[in-house]
Amino acid sequence: MSLNDKRCKCPFAIKMNGDGCQYCQPQTAIDLLSSVVDDLEEESDQQDARSRRLEAENEALRKSVEELRAAINGHMHSDLSSIESQQEADSKLWAIIKE
Ligand SMILES: [Zn+2]
């Protein structure tokens, strides 16, 4: 405590209370500041966690879109190949009938 700091305008009673300014109660001011910094750090950690969670959700969404796209492609291909094999089967059948 530096009770004689000229920058301090606190009444004597407040200085004695420990509720003074940063000049007469530097430790209190430091504690207050560091608790504000702690709060900010915590908030920033939470933001980080949230953005990591969003990134993971994005990644999951991107994966399901890719899977859907692959499934649609696979479906189209299997439809096409089933049409082709159907035609093939038909022509084989025709060949048998004609013989
Ligand atoms: Zn003061």
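In what follows, the structure referred to is the one given above.
Residues numbered from 1 in each chain as written. Predicted model: local features only at pLDDT ≥ 70, side-chain atom pairs only at ≥ 80, totals over all residues.

J.: Let's hear about the overall build of the protein chain: which residues, and what values?
T.: Each helix and strand in the protein chain was counted, giving two helices and zero strands. Residues classed as buried in the protein chain amount to 3% of the 99 residues present. (Helix = DSSP H or I, 4+ residues; strand = E, 2+ residues; numbered from the N terminus. Buried ≥ 20, exposed ≤ 12 C-beta atoms within 10 Å, placed from the backbone.)

J.: Let's hear about the environment of C24: which residues, and what values?
T.: As for its placement among the helices and strands, C24 is situated in the loop between α1 (12-17) and α2 (26-98). The exposure class of C24 is buried, given the 23 C-beta atoms found within 10 Å. Sequence separation of C24 and K6 is 18 residues, and the distance between their C-alpha atoms is 9.3 Å.

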